[in-house]
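Coordinate analysis (summary)
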Amino acid sequence: MLHRFSLRPLIVVASLTFILTGVLGGVAYAAGRDRGPERFMGFFIQRMAAQLGLSEEQQTRIRQIMEEERAVAEPLMRQLKSVHDQLRTLGTDGVFNEAQVRVLAQQQAQTMTELIVSKERTKARVAAVLTPEQRERAKQMLERFHQRMHGGPKWHHGRGFGPVPPPPPM
C-alpha cells in the first residue's frame, strides 16, 4: 500500500532552519568581528614581529609611529569621503557644472597628495626602526605582496586586480 505524504511541512522546516542558521551566523560573525583600525594595526604589527623578528622595543616604536600617522591620515580620509559624496551627487540632475567639478577634483588631488606623503613618511619611519636584515626581509615581504596583488589569482571572475588574460583562441 502506498502512503502519500506532503513535502510542504518538510520544505517549511528546512527553509526556516536555513534562514535561522544564516541570521544567527551573521549575528555571531558581526559580534565577533572588530573592524576598528586598532585591531588591524595590532594584526599588522604582530605579523611584522613574527616575520621580521621584531623586539618589544621595535614593536612599541612602530605602534607609536603608526598611531601618529593615523592621526594625520584620518581627517584626510574623512575629507576624501566628503568630497567623493559631493562628486557623486553632481550631474544627477542633468546639469554639468564643470567649474564645481574641477574645484572638487582639485581638492581630491590635494588630499590624495597628502595621504601619499603620509604613507611614504610612515614607511620611511618604520624602516628606520628596523635593522638592515629586517629591512631586507620587509622589502621581500612587500614584493611578494605586490606580486600577489598585481599578478596573482584574479578575483570576481577575472575582473579583479592585475592584467586581463588574453581572449581564448577561436
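Everything numeric here is computed off the predicted structure, so don't read it as measured data.

1. Here we look at the overall build of the protein chain
Across its full length, the protein chain holds five helices and zero strands. Going from the N terminus to the C terminus, the protein chain shows its helices and strands as α-α-α-α-α. Put simply, the protein chain has 170 residues, and 18% of those count as buried. When contacts within the protein chain are restricted to residue pairs at least 6 apart in sequence, those whose partners lie at least 24 apart make up 64%.

2. Notes on the packing of helix α3 (residues 56–89) against helix α4 (residues 98–129)
Helix packing for two helices is described by the angle between their axes and how far apart those axes are. Where α3 contacts α4, the axes come no closer than 10 Å and their chain directions differ by 170°. Considered as vectors, α3 and α4 are oriented roughly antiparallel to each other. Of the residues belonging to the contact of α3 with α4, the class tally is 15 nonpolar, nine polar and six charged.

3. Side note on the nonpolar core
Grouped burial of nonpolar side chains is what soluble globular proteins tend to show. Grouped together as the largest cluster of nonpolar side chains are twelve residues: Ile45, Met48, Ala49, Leu52, Leu54, Ile62, Ile65, Met66, Val126, Leu130, Ala138 and Met141. The element that contributes the greatest number of residues to this core is helix α2 (residues 37–52), accounting for four residues. Each residue touching Ile62, except ones within four places of it in the same chain, is listed here: Ile45, Met48, Leu54, Val126, Val129 and Leu130.

4. What to know about the environment of Thr113
The residue Thr113 is located in helix α4 in this model. Judged by relative accessible area, which is 37%, Thr113 ranks as partly exposed. Of note is the side chain of Thr113, whose polar atom sits 2.8 Å from the backbone oxygen of Ala109.

5. A word on the pattern of salt bridges
Taken as a whole and judged by the stated rule, the model has nine salt bridges. Close ionic contact of Arg102 with Glu98 constitutes a salt bridge, the shortest N to O distance being 2.8 Å. In this pair, Arg102 and Glu98 are both assigned in helix α4, four residues apart and thus about one turn of the helix distant. Between Lys119 and Glu120 there is a salt bridge, and its shortest N-O distance comes to 3.4 Å. A relative accessible area of 54% means that Lys119 is categorised as exposed. It is possible to trace a salt-bridge network through shared partners that takes in Glu68, Glu69, Arg121 and Arg125.

6. Side note on the confidence of the model for the protein chain
Mean pLDDT for the protein chain: 78, with 66% of residues reaching 70 or above. Ranking the elements of the protein chain by mean pLDDT puts helix α1 (residues 8–32) last with 54 and α4 first with 93.

7. A short note on helix α5 (residues 132–151)
An α-helix turns once every 3.6 residues. As a result, residues three or four positions apart point the same way. For α5, built from 20 residues, the straight-helix expectation of 28 Å at 1.5 Å per residue is met to within 8% by its first-to-last C-alpha distance of 28 Å. Listing the buried residues of α5 in full gives Gln134, Ala138 and Met141. Looking down the long axis of α5, one finds its buried residues gathered within 60° of arc, a one-sided arrangement. Turned more than 90 degrees from where α5 packs its buried face, Pro132, Glu133, Lys139 and Gly151 sit exposed.

Cut-offs applied
Residues numbered from 1 in each chain as written. Predicted model: local features only at pLDDT ≥ 70, side-chain atom pairs only at ≥ 80, totals over all residues. Heavy atoms only, no water. Helix = DSSP H or I, 4+ residues; strand = E, 2+ residues; numbered from the N terminus. Buried < 20%, exposed > 50% of the residue type's maximum accessible area, 1.4 Å probe, protein only. Contact = heavy atoms within 4.5 Å. Axes fitted to C-alpha atoms, helices over the stretch in contact; angles between N-to-C directions. Parallel < 35°, antiparallel > 145°, perpendicular 65-115°, else oblique. Nonpolar A, V, L, I, M, F, W, Y, C, P; charged D, E, K, R; others polar. Core = buried A, V, L, I, M, F, W, Y, C linked by side-chain atoms within 4.5 Å. Polar contact = N/O pair within 3.5 Å; in protein donor to acceptor, adjacent residues only side chain to side chain. Salt bridge = Lys/Arg side-chain N within 4 Å of Asp/Glu carboxyl O. pLDDT = per-residue confidence, 0-100. Expected span 1.5 Å × (residues − 1). Arc of directions from axis to C-beta.

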